[in-house]
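# Per-entry structural report
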Amino acid sequence: VQPPEKPLQTEEWKRLQENFQSPEIFEEVMLNNMIKCNSRVDVAKSLLTYVAKSDGDIGYTLLIKYLALCVQQQKTSEICDVYDIMKMRFKTLESGAYNLFIRGLSNSDKWRMALTILEDVKKVMTPSRTSYESCIKAAGRHQEINVARELYHDMLAKDLVPTLDVLQAFFDFSRGMKDAELKQELFGILSYLRDNQIYPHRMFMRSIKLWFESIPGENWRGHLTNIKHSGQCPVCHHQLEDSNLTEEEYRILKERITTDVIHGRDTFRKTSPQEFEAFQAFVEDRLPFDIVIDGLNVSHIKPKKMHCENLFHAINCLAKENVRLLVLGRKHMLINSSNWKQEVMKEMQNKADFFFAENISEDDAFLLYATLRSGKHCRFVTRDFLRDHKACLSDSLTRHLFRKWQRGHQIVVSSSAEGKHIDFLPAFNYDCVVQTTGDTWHIPYKDMFEEKYSYQVPRKWLCLQQKQ
Ligand SMILES: [Zn+2]
């Protein structure tokens, strides 16, 4: 039903409700449509008046829908009215309602009230990250930097992951300020990006650039550039960090992955200890490999092709003289089917070693084990980003080493837009991560807000240097 253009009288609403196919949900459907059509708030108000007259009460869900409409249109005084009503009638609200109030008020001149509500929410539950972000941005916009920082640390302490949006906001509202503590905070955000292998998008990168260039008396200059394959910055001629792990770093990583990921509880929820032992014996017999391939993953590169053809193509691309390949397969690949032709399977097994795991097994642990056991030179092929495993690693040093190793050893396979070509993007010589030498910063960034595949590392960089 189309919401009316103007407020209606009780009788008019009544007639509409009676003609509606399911009168018992009339108000809800009507309010939903009002939100969709962004109807005038006074039209919604007249509906609520009608409901109050006929039912003697307005239910929680109707109030929330009305609130959503008011927030959508920034009607501050109406938002405050609903807040007073709800506070009187309900002891606590659910988080969706708090989110709406905080979002609505943080964008208004009553933004301090949003902070108060946030404090109230904290007494009963963990506020959502969007609530924190609304408040942080509101405080920032009104130059209450310390309040913004406190809220930011508070949300980090509660393990809420800030969006890039809120991190960017810090750079925006700190522009032009001379404040050593604030500067440390922003450097902290940059090292947070580094540690978590997060790449800012173009707009965020611009905010970083403008902030650096605005620091009074520091004379920073930023340039956009592409880094050469050698890893040297064409603007300032600095050599970017090497992507190789030292022997010591590699040893630490190998040990931690073995304990945390491979022998940790996590693995054995997905694969049986017997199967993993069989795999270990298989690998130890044939070490070392040069490239370990996640067969199932690679077999899906071109959706229109047979799975075994995709895998065959990948193996042919990677198999060069004296290169030892290990393909992690699943048992179902050994049963003749439309996707897995057994004559192709036989041919592949002449070019590479295959290990076939149970169909249910999670093969990331296999991939990590075989690659790490083969040594520092060994690389691996998968389209996955091994996200789950990062979470299993117990400390930030190991997570950092893991990501660095991953960037240097993961061969990324992607098919072209038309699906005609398969590309194998080689691992980089330099480390694609936010980095500084004190008087320079190099920040890789993405062109778009969301790039399709998170494992694709950016080629574009912001070079910042401090001119003496
Ligand atoms: Zn540079």
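Residues numbered from 1 in each chain as written. Predicted model: local features only at pLDDT ≥ 70, side-chain atom pairs only at ≥ 80, totals over all residues. Heavy atoms only, no water.

By the naming in an unreviewed UniProt entry, the protein is Mitochondrial ribonuclease P catalytic subunit, taken from Nothocercus julius. One UniProt comment on the protein, placed under Cofactor (unreviewed entry), says "Mg(2+)". Here the protein is described in UniProt, under the heading Catalytic activity (unreviewed entry), as follows: "Endonucleolytic cleavage of RNA, removing 5'-extranucleotides from tRNA precursor." (UniProt positions renumbered as here; feature names shortened; annotations may be inferred.)

## As for the sheet that holds strand 10 (residues 460-466)
An order of 1-10-9-8 is seen for the four strands of this open sheet, with the pairing classed as antiparallel. Of all the strands in the sheet, just strand 1 (220-226) and strand 8 (435-436) have a single pairing partner and so form its edges. Two elements, strand 9 (residues 440-445) and strand 10, share six bridges in a ladder whose sense is antiparallel. Bridging across to strand 10, proline 444 finds its partner in tryptophan 461. (Pairing = 2+ DSSP bridges. Helix = DSSP H or I, 4+ residues; strand = E, 2+ residues; numbered from the N terminus.)

## A look at the coordination of the zinc ion
Taken together, the protein ligands of the zinc ion are Cys233 (SG), Cys236 (SG), His442 (NE2) and Cys463 (SG), with distances of 2.1 to 2.3 Å. Its four donor atoms give the zinc ion angles of 100 to 115° at the centre, a pattern that matches the tetrahedral case. Each donor residue of the zinc ion lies on the same chain, and together they follow the pattern C-x2-C-x205-H-x20-C. Highlighted residues: histidine 442 in strand 9 and cysteine 463 in strand 10, separated in sequence by 21 residues. Classification of histidine 442 as buried rests on a relative accessible area of 2%. The exposure class of cysteine 463 is buried, given its relative accessible area of 0%. (Donors = N, O, S within 2.8 Å, 3.2 Å for Na, K, Ca; no water. Tetrahedral: all angles 85-135°; square planar, octahedral: opposite > 155°, others 65-115°. Buried < 20%, exposed > 50% of the residue type's maximum accessible area, 1.4 Å probe, protein only.)

## Topic: unusual backbone geometry
Note the cis peptide between leucine 287 and proline 288, where omega equals -10°. Secondary-structure assignment places proline 288 in the loop between helix 15 (273-286) and strand 2 (291-294). Even without a glycine there, the phi angle at asparagine 38 is positive, about 55°. Within the secondary structure layout, asparagine 38 lies in the loop between helix 2 (26-37) and helix 3 (41-55).

## Re helix 6 (residues 95-106)
For an α-helix, the turn length of 3.6 residues means that residues three or four places apart are oriented alike. Counted at 1.5 Å a residue, the expected span for helix 6 with its 12 residues is 16 Å, and the 16 Å between its end C-alpha atoms agrees. Those residues of helix 6 hidden inside the fold are in contact with helix 4 (60-72), helix 5 (76-89), helix 7 (111-124) and helix 8 (129-141). (Expected span 1.5 Å × (residues − 1). Contact = heavy atoms within 4.5 Å.)

## Looking at the pattern of salt bridges
Summed over the entire model, instances satisfying the criterion amount to 25 salt bridges. Here arginine 112 and glutamate 144 are joined by a salt bridge, their closest N and O atoms 2.6 Å apart. In this pair, arginine 112 is assigned in helix 7 and glutamate 144 in the loop between helix 8 and helix 9 (145-157), connecting sequence segments 32 residues apart. Since its relative accessible area comes to 25%, glutamate 144 is described here as partly exposed. As a salt-bridge pair, arginine 194 and glutamate 241 come within 3.0 Å of each other at their nearest N and O atoms. In this pair, arginine 194 is assigned in helix 11 (residues 180-195) and glutamate 241 in the loop between strand 1 and helix 13 (247-262), connecting sequence segments 47 residues apart. Residues joined by salt bridges that share partners form a network here, namely Glu119, Lys122, Asp154 and Lys158. (Salt bridge = Lys/Arg side-chain N within 4 Å of Asp/Glu carboxyl O.)

## Describing the packing of aromatic side chains
What the rule picks out here adds up to 26 aromatic pairs. When the ring of phenylalanine 171 is compared with that of tryptophan 211, the centres are 5.6 Å apart and the planes differ by 80°; the resulting orientation is edge-to-face. Residue phenylalanine 171 is found in helix 10 (residues 164-173), and its partner tryptophan 211 is found in helix 12 (residues 202-214); the two are separated by 40 residues along the sequence. What makes phenylalanine 171 buried here is its relative accessible area of 0%. Classification of tryptophan 211 by relative accessible area gives buried; the value is 2%. Here the aromatic cluster, defined as three or more aromatic residues joined through ring pairs, consists of Phe171, Phe187, Phe204, Trp211, Phe212, Trp220 and Trp441. Taking the ring centre of phenylalanine 282 as reference, the NZ or CZ of arginine 286 above it sits at 3.8 Å. (Phe/Tyr/Trp six-rings, centres within 6.5 Å; stacked < 30°, edge-to-face > 60°. Lys NZ or Arg CZ within 6 Å of the ring centre and 35° of its normal.)

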